[in-house]
Structure formats: C-alpha cells, structure tokens
Amino acid sequence: MRDNWIAILDFGSQYTHLIARRIRECGVYSEILPYNIKPAKLMSLKPKAIILSGGPASVVGASGPICDSAVFAMGLPILGICYGAQLIAKVLGGKVEKAGKREYGKAILNIKAKKTIFEGLDREETVWMSHGDKIVKLPGEFKAIGATVNTAFAAVEDKNRNIYGLQFHPEVMHTPKGKKILRNFVRRIAGCKKNWNMRSFVKSSIEDIKKTVGEEKVLCALSGGVDSSVLATLLHKAIGDKLTAVFIDNGLLRKDEALLVKKRFKKSCRMNIKTVDAGDKFLKALRGVKDPERKRKIIGHVFIEVFTKEAKKLGKINFLAQGTLYPDVIESRSAFGGPSATIKTHHNVGGLPKKLKFKLIEPLKELFKDEVRLLGKELGLPNEIIYRHPFPGPGLAVRIIGVITDKKLDILREADWILIDELKRSGLYLDLWQAFCVLLPVKAVGVMGDERTYENIVAIRAVTSEDAMTAQWAKLPHEFLERVSNRIVNEVKGVNRVVYDISSKPPATIEWE
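Residues numbered from 1 in each chain as written. Predicted model: local features only at pLDDT ≥ 70, side-chain atom pairs only at ≥ 80, totals over all residues. Heavy atoms only, no water.

Enquirer: Where do I start with unusual backbone geometry in this structure?
Expert: Only a minority of non-glycine residues have a phi that is not negative, and only a minority of peptide bonds are not trans. Put simply, K505 and P506 share a cis peptide bond, and its omega is -15°. Structurally, the position occupied by P506 is in the segment after β18 (495-500). Residue P507 is reached from P506 by a cis peptide bond, and omega for that bond is 10°. Position of P507 relative to the elements: it lies in the segment after β18. With a phi close to 55°, C82 is a non-glycine residue in the positive phi region. Mapped onto the elements of the fold, C82 is located in the loop between β4 (78-81) and α3 (83-91). Assessed through its relative accessible area of 6%, C82 is described here as buried. Its identity as a non-glycine residue notwithstanding, N162 has a phi of 55°, on the positive side. (Helix = DSSP H or I, 4+ residues; strand = E, 2+ residues; numbered from the N terminus. Buried < 20%, exposed > 50% of the residue type's maximum accessible area, 1.4 Å probe, protein only.)

Here it is in structure tokens:
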C-alpha cells in the first residue's frame, strides 16, 4: 500500500481527518502529515499525490502556515482544499484577498469543465463553503472550472501540471458529490489503485507483528471495549500464546462486564487472559472525590499501579501493545506544533512508567474508529462486540456526578442495563453512537404507593455521530422513553425520576464528566 497512497498535508482544519477517511472509503490508503514536512522526506515516502487541507489561518499576511514551495515542483498531482487552494494561488503567483462577503454554508457550484476532477457531475452541484478570503487572481496556466455567486474561482485547475484547487469542502457530507470529486482525484488523476481494505490490512499487520515480536512475548490491557477487543484478537491471531491479555476489574464496570469478558475471550477464543479484581483498591482511592478530573487522574494512577504489579508477576515481557487509533495520533501533533486545548484527560495505557522498559507496538494506529469495527468483522468478532457503544476508560466513575459509593454504582448499573436492554429489544441500539445513564447529584420528591419519596434522579443520554467529534442528541420515540423511564423507576430501588438530555456536541460533550 505504501506505493499506492495519498499524502495529506495538515494546515489545521477540523475536517482534515475527514479528508483521510473519504480517501480511504475510495479504497485508497491516505495518511495525514505535518504541513511543514521536508520535501526530501515527503518524496522518500513515495506518495502518488498530495492534498493540502483547509485551515483556520489566513494566507493574507505573514501569519499563515506555508509548506515548502518545492512541494509544487515534485511533479505529483496536487489538490488544495479551501486554505489549500488559496495557498496554491499565493505560492504560484496568484493573489488572495480578504473577501468582501464571507461565504459560509451551502452554495451552488456552477461547473464550467466537467472533465478531470468533475467527471460525472452535473452542471450545477451543491457544495459547502467556509471561508473569509478568496482568490482574486489566478497563477500562470490556471483556469477557473467552477464558480458560485460569491466566488468566481471556486474551483481551479492547471491541467498540465495536475494541480487543482477547490474553495469548498468536498470531504463534508454537506457536499453531496464530494466523495465522487475526491474519487476522481485519487483514481483518475493520481492513478491510484483500489487496494485499501481490511483484508489486506489484516494480512500486512500480522506479518508486521510477527516480524517485530519474533519469539518474544507481548502484553496488552483488555477492557472488553471495541478497540481493546479488536487489538487482542489481532495479536492473538498473529502470535497466539505469546500474548497475555490483562483484564483489570476496577469496580467501575457495567453490569456483569467481567463475566462477559472472561466468557468471550478466555473460553471462546482460548486467549491467555489474566483477570485482576482490583475494585476495592480503586474505590478506596476515589472515596470522597467529586472533581471529574481528579477522578480520571486517580483512576489512571491506580490502573498503572495495578497493571505494573501484574506485569512484573508475569516475568520477562518485552512488548506492550496499545490500542492507539489514528485520531489519537493526529491530535497529538497540532498543525502549528502545539497541543490542542485539553477538554478532558483521556485514560490510556500509554501513561505506563518508563521503568517497565516496554517496547511499544500499536497495530491500530493507522485506523479510524469505523475502520476498527470493519477490522473486527474481518477477524470474525461477533456484532455484539464490534458495534458496542463506546465506554469511557474511567467507567461509571464519570457517569456518577459527585462522590462515588457502592450504592450509587449499583443504582447506575441497573438503570444503564435497563436502557441498553430496551434499546436492543426495540432495534434502536445500532442507530446510536452512544447511549447511557447518568446518576445526578440531586434528589427529587416523588409519590410511590401513596407515599412521599425523596429519591435519586437518573438522566438518559443518547447521541448520533460519525466519529464523536460532533454529535446530535437522538430523537428517540416518546413511547420508548416512557417505557424505559417506567422500568427504571419500578425496577431500580432508589430512583423516582428520569430525565432526558437534549444537548448536542458542541456545546456539550457526549459524557457528562
């Protein structure tokens, strides 16, 4: 695949990851690289073409990031999107100015040339714009091949050099034919073959893992979630008994979680699993703690302590496998060289102390979440694992607002189990990205059996999303919500009121803490 791939230079757009996903959906591997990568390094990687992403900066003035001009002399097909299109114009001798009227949202693109990048499109197509600058003069041999009412140079090309610029965003769903435009670029213009799929990924990954590990042993943490389950299964397929998976029950898991993990992997897959019951240790460390960031840090610290202790018991193991995904890799390297704003701390095995001296292997680091699910399917994992909703590393600790107690955990486990059970019974589970219950730190007056009650409140959270970067609250049927509320109030002792969260992300996050 390395001789048949697309390099995406990242200028800081929130949609850069979508470009990579859309290219991969065309059956072609893509990878995001820093905008300031050295041309010699880029050429050594042998991409078939280059895409310049959008970005929040402006090419007008001196503050905007600019790639090395030698990138344009490599002889490779180039596509610039939004900021990338303006950058092409500026670097190659055109002119970009602040637009008199900012263009944001849907626009109608009038296509002037239906060949090359617009092959198979109609004369008029809906596209999605997001820009405050605009190209006012084209470089040398460039010509306009698309325009909107407000943007004369909405799409441009230098056909001789295979350089294209799009002022709109083809990678977002609001540009209905965007994927077709990108497919035209990678398949027709760049000449890439359709060879990126999970079958080829499994084959190459197993070969890489065997070559890297040799006769040594590998350790991985198994939580029972999608990522760790797929990781463990891939490793087991590659190296068999040389893998030891450690499952730590932190006392903050969903109902019967530990039993399910043992059943799925130890019995069914005959995987070498070491289970550790450390619930008391975690709950003792969390006693009296209300602040969500403190909860996360305490859980991460105790996890490291327990994992380290168990790892030492297993003797000499040189490799640690981690379920890092591609979005984690992207977010760790800002286009401008600095970290992104921390919304909340993420609990990850990557925080293990250096004294363990593990060699790290990350077989999933090239994949997006949806690709991990496809990989799980290719590996033969059941749908109940592949399509399981995400579950936070700190578990129910961040779904109990305030202090954590055994009683609160019992209440939340039962309420959450009822919600998921009803979603599955109703055929709604797979329509959602995530759904769960939250135990609120307040109580409400109620009437049950002609008596006054003063009990807990449970909030239901359900969202739809593509990748969790944005999310919409799910419009679940009223009859369904009524049924869930009725079951929770009647079956979970200590709850007399159920509420539904109708906040989207942004401004809210998916989890409450």
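There's plenty left to go through after this.
Enquirer: Help me understand the packing of helix α5 (residues 198-213) against helix α6 (residues 226-239), please; the structure alone is not making it clear to me.
Expert: Working note: a packed helix pair is described by the angle between its axes plus the distance between those axes. Axis separation between α5 and α6 bottoms out at 9 Å; the angle between their running directions is 65°. Between α5 and α6, the angle falls in the class roughly perpendicular. Both α5 and α6 take part in a crossing whose hand is right-handed. On the side of α5, the interface is formed by S205, I206, I209, K210 and V213, while α6 contributes L234, L235, K237, A238 and I239. (Axes fitted to C-alpha atoms, helices over the stretch in contact; angles between N-to-C directions. Parallel < 35°, antiparallel > 145°, perpendicular 65-115°, else oblique. Left-handed = near helix turned anticlockwise from the far one by under 90°. Contact = heavy atoms within 4.5 Å.)

Enquirer: When you look at the state of the cysteines in this model, what are you seeing that I'm missing?
Expert: By definition, a disulfide links the sulfur atoms of two cysteines through a covalent bond. If you walk through the whole model with that rule in mind, you get zero disulfides. Left unpaired, C67 is separated from the closest cysteine sulfur, that of C82, by 15 Å. (Disulfide = S-S within 2.5 Å.)

Enquirer: What is the right way to look at the environment of D133 in this model?
Expert: With respect to the helices, strands and loops of the structure, D133 is situated in strand β6 (residues 124-137). A residue is classified by how much of its surface remains accessible, and D133, at 5% relative accessible area, is buried. Between the alpha carbons of D133 and V289 there is a distance of 49 Å; along the sequence they are 156 residues apart. Those residues in contact with D133, other than ones at most four positions away along the chain, are S58, V59, V60, Q86, V96, E97, K98, A99 and Q167.

Enquirer: Would you explain the pairing of strand β11 (residues 243-249) in this entry?
Expert: Regular strands place side chains that alternate from one sheet face to the opposite one. For β11, the buried fraction is high: seven of the seven residues fall into the buried class. Here β11 shows no split at all, with L243, A245, F247 and D249 on one side and T244, V246 and I248 on the other all buried. As a crossover connection, the stretch from strand β10 (residues 218-221) through α6 into β11 is right-handed. Relative to strand β12 (residues 273-277), β11 runs parallel, the two sharing five bridges. Paired with D249 across the strands is D277, a residue of β12. (Right-handed = clockwise from strand over helix to strand, strands pointing away. Pairing = 2+ DSSP bridges.)

Enquirer: Can you walk me through the nonpolar core in this structure?
Expert: In globular proteins that are soluble, nonpolar side chains generally tend to be buried together. By size, the foremost hydrophobic cluster in this structure holds 68 residues, and its most contacted members are I50, L52 and L375. For this core, the element with the highest residue contribution is α6, accounting for eight residues. With residues near it in sequence (within four places) discarded, L375 still touches M198, F201, V202, V230, L234, L364 and L367. Grouped together as the second largest cluster of nonpolar side chains are 51 residues, F307, L396, L476 and V484 included. (Core = buried A, V, L, I, M, F, W, Y, C linked by side-chain atoms within 4.5 Å.)

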